[in-house]
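# Fold and contact review
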2 protein chains.
Amino acid sequence: MSPRPMARPGGRSARVQEAVHTAVRELESEVGRDALTVPLVAARAGVTPSTIYRRWGDLRELLSDMAVERLRPEALPENHGGLASDLTVWAEHFLDEMASPSGRAYIRDALLGDPDGSNAGQCSAYAADQVEVILARAAARGERAPEAETVLDHVVAPMMYRILFRPGGLDAAYARHLVAGVLDATG
Amino acid sequence: MSPRPMARPGGRSARVQEAVHTAVRELESEVGRDALTVPLVAARAGVTPSTIYRRWGDLRELLSDMAVERLRPEALPENHGGLASDLTVWAEHFLDEMASPSGRAYIRDALLGDPDGSNAGQCSAYAADQVEVILARAAARGERAPEAETVLDHVVAPMMYRILFRPGGLDAAYARHLVAGVLDATG
């Protein structure tokens with residue numbers, strides 16, 4: 001998130017954000033990503049360019065904030081009644097979303113316009129929150145479970161590293177292999 | 001690397017690259033990163049802007065190529081006579097370099113101006129090559145050793161993930177912990 005102060009939801013600030021995000025999405029599909037400029041987005045959103053500069057800094061930071069919004073999980077992880085299946089299904093979904101063309105574009109945008117690292121930190125916090133939910137369910141069932149940090153290091157990190165640095169071989173079998181490795185080490 | 005054809009080393013192409021890289025480094029320290037433009041770099045390097053556009057595409061791709069050059073390891077991994085110490089020392093050095101302010105800036109540059117992912121792939125290949133050297137030495141000594149892919153997934157990936165997404169807690173103890181985990185699972 002941007003370090004700039006945000007007003008309460010539902011106020012003018014929320015309306016400006018909604019209008020600006022909508023303008024970016026429309027213009028992306030009409031003129032393409034590379035033709036976006038702050039004045040163009042401002043004109044479409046019905047705000048002044050200085051409103052955008054004041055709130056987001058520049059176009060890259062605006063796109064980074066939008067990417068983080070789009071990477072926010074929409075639901076709790078599915079509950080399949082056991083740690084192995086919960087974590088496997090979640091990892092498969094996570095890989096599928098993040099390795100898709102739009103997932104890759106959002107990750108890239110999130111990292112790129114993020115001078116203080118807070119948007120990247122938010123992306124990681126989304127994954128950590130989902131993992132914590134899965135591990136808390138396992139604990140409630142009395143199952144042995146790894147630490148959340150272990151899952152981040154050995155399931156989430158390898159997937160994200162490959163997505164960013166070596167995109168071959170990214171399939172559901174890879175996600176299952178990582179989960180099995182972490183659970184074997186725990187069990 | 002850029003997909004554009006490169007001439008033989010030592011020819012005009014190599015001289016242009018050297019002049020352009022030098023110009024970028026000088027201008028970065030004189031006017032700052034944000035003030036760099038292709039025309040400014042071209043003027044300082046004594047080439048035309050179209051030479052730069054033809055070879056690198058745009059400024060971001062030029063910076064990405066330079067970052068990959070700077071991330072190239074300068075030496076083989078140190079040989080301490082045993083897998084555990086070789087891998088531990090290498091991982092500590094790797095983390096130290098990559099998590100430094102300049103390391104972070106290069107990783108970021110390498111990822112961002114890289115439309116086809118080849119520069120990111122090159123960064124990962126540098127790490128993989130170093131790991132392969134360490135594992136080949138271990139094999140020659142008759143030591144049990146993990147697969148290179150395992151080291152990338154469970155030592156390199158967690159370090160890079162934290163550098164990019166959650167920069168707290170990055171110290172030599174963390175590198176040692178990751179290496180110990182991989183070696184325990186192998187041994």
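Cut-off values and rules
Residues numbered from 1 in each chain as written. Chains lettered and ligands numbered in written order. Predicted model: local features only at pLDDT ≥ 70, side-chain atom pairs only at ≥ 80, totals over all residues. Heavy atoms only, no water. Helix = DSSP H or I, 4+ residues; strand = E, 2+ residues; numbered from the N terminus. Buried < 20%, exposed > 50% of the residue type's maximum accessible area, 1.4 Å probe, protein only. Contact = heavy atoms within 4.5 Å. Axes fitted to C-alpha atoms, helices over the stretch in contact; angles between N-to-C directions. Parallel < 35°, antiparallel > 145°, perpendicular 65-115°, else oblique. Left-handed = near helix turned anticlockwise from the far one by under 90°. Buried area = accessible area lost by both parts, 1.4 Å probe. Salt bridge = Lys/Arg side-chain N within 4 Å of Asp/Glu carboxyl O. Least-squares fit on C-alpha atoms with pLDDT ≥ 70 in both. Lys, Arg positive; Asp, Glu negative; His and termini not counted. Expected span 1.5 Å × (residues − 1). pLDDT = per-residue confidence, 0-100.

Right, let's talk about the overall build of chain A for a bit. The number of helices and strands found in chain A is nine helices and zero strands. In sequence order, chain A lays out its α and β elements as α-α-α-α-α-α-α-α-α. In terms of overall dimensions, chain A has a C-alpha envelope of 60 × 35 × 25 Å along the principal axes. Buried positions account for 48% of the 187 residues belonging to chain A.

Summarising the element assignment, Gln 130 of chain B is placed in helix 7 (residues 118-140). Not counting residues within four places of it along the chain, the set of residues in contact with Gln 130 of chain B comprises Pro 73, Ala 75, Leu 76, Pro 77 and Trp 90 of chain B.

To continue, consider the packing of helix 7 (residues 118-140) of chain A against helix 8 (residues 148-165) of chain A. Residues and elements named next belong to chain A. At a minimum axis separation of 10 Å, helix 7 and helix 8 run at an interaxial angle of 120 degrees. With respect to helix 8, the element helix 7 is oriented oblique. The element helix 7 and its partner helix 8 pack so that their crossing is right-handed. Two secondary-structure elements touch here, helix 7 through Ala 127, Ala 128, Val 131, Glu 132 and Leu 135 and helix 8 through Ala 148, Val 151, Leu 152 and Val 156.

Moving on, we get to the interface of chain B and chain A. Each side of the interface is counted separately: chain B has 27 residues, and chain A has 26 residues. The junction of chain B with chain A conceals about 2400 Å² of combined surface from both sides, 54% of it contributed by carbon and sulfur atoms. At the junction of chain B and chain A, the tally comes to six salt bridges. Listing elements by their share of the side of chain B that touches chain A, those giving two or more residues are helix 6 (101-112), helix 7, helix 8 (148-165) and helix 9 (172-186) of chain B.

Under the fitted operation, chain B is carried onto chain A by 0.0 Å of movement along the axis and a turn of 180 degrees, and the coordinates agree to an RMSD of 0.1 Å. What the rotation and shift describe, once combined, is the action of a two-fold rotation axis.

On to the side chain of Asp 114 of chain B, then. Tracing the backbone shows Asp 114 of chain B in the loop between helix 6 and helix 7. Among buried charged residues, Asp 114 of chain B stands out as having no salt bridge; its nearest opposite-charge side chain is Arg 108 of chain A, 5.8 Å away. With near-sequence residues (within four places) excluded, Asp 114 of chain B lies in contact with Arg 108 of chain A together with Ser 64, Asn 119 and Ala 120 of chain B.

Before going further, it helps to spend a moment on the environment of His 93 of chain B. With respect to the secondary-structure elements, His 93 of chain B resides in helix 5 (residues 83-98). Spatially, the C-alpha atoms of His 93 of chain B and Ala 172 of chain B are 8.4 Å apart, while their sequence positions differ by 79 residues.

With respect to the helices and strands, Ala 125 of chain B occurs in helix 7. Between the alpha carbons of Ala 125 of chain B and Arg 25 of chain B there is a distance of 25 Å; along the sequence they are 100 residues apart.

Now for the pattern of salt bridges. What the rule picks out here adds up to 26 salt bridges over all chains. Measuring nitrogen to oxygen at the nearest pair gives 3.2 Å for the salt bridge that ties Asp 153 of chain A to Arg 162 of chain B. Of this pair, Asp 153 of chain A sits in helix 8 while Arg 162 of chain B sits in helix 8, which puts the two residues in different chains. By the burial criterion, Asp 153 of chain A is buried, and Arg 162 of chain B matches it. A salt bridge links Arg 166 of chain A to Glu 149 of chain B, with the nearest nitrogen and oxygen atoms 3.0 Å apart. Pair noted here: Arg 166 of chain A is in the loop between helix 8 and helix 9 (172-186) and Glu 149 of chain B is in helix 8, and the two residues belong to different chains. Taking the relative accessible area as the measure of exposure, Glu 149 of chain B reaches 35% and is therefore partly exposed. One connected set of salt bridges, linked through shared partners, spans Glu 28, Arg 33, Arg 70 and Asp 109 of chain A.

Our focus in this paragraph is helix 6 of chain B. Note that an α-helix has 3.6 residues per turn; residues three or four places apart therefore point the same way. The end-to-end C-alpha distance of helix 6 of chain B is 16 Å, a good match for the 16 Å that twelve residues give at a rise of 1.5 Å each. Listed in full, the buried residues belonging to helix 6 of chain B are Gly 103, Ile 107, Asp 109, Ala 110, Leu 111 and Leu 112 of chain B. Against the buried residues of helix 6 of chain B lie helix 6 (101-112) and helix 8 of chain A together with helix 4 (59-71), helix 5, helix 7 and helix 8 of chain B.

Turning to helix 9 of chain B, a few remarks are in order. Over its 15 residues, helix 9 of chain B runs 21 Å from end to end, which matches the ideal 21 Å to within 8%, given 1.5 Å per residue. Those residues of helix 9 of chain B not exposed but buried are Tyr 174, Ala 175, Leu 178, Val 179, Val 182, Leu 183 and Thr 186 of chain B.

So, on to the environment of Leu 87 of chain A. Structurally, Leu 87 of chain A can be placed in helix 5 (residues 83-98). Here the alpha-carbon distance between Leu 87 of chain A and Val 131 of chain A, two residues 44 residues apart in the chain, equals 7.8 Å.

Residues of chain A with pLDDT of at least 70 account for 94%, and the chain-wide mean is 91. Of all secondary-structure elements in chain A, the lowest mean pLDDT belongs to helix 6 of chain A, at 89, while helix 5 of chain A reaches the highest, 97.

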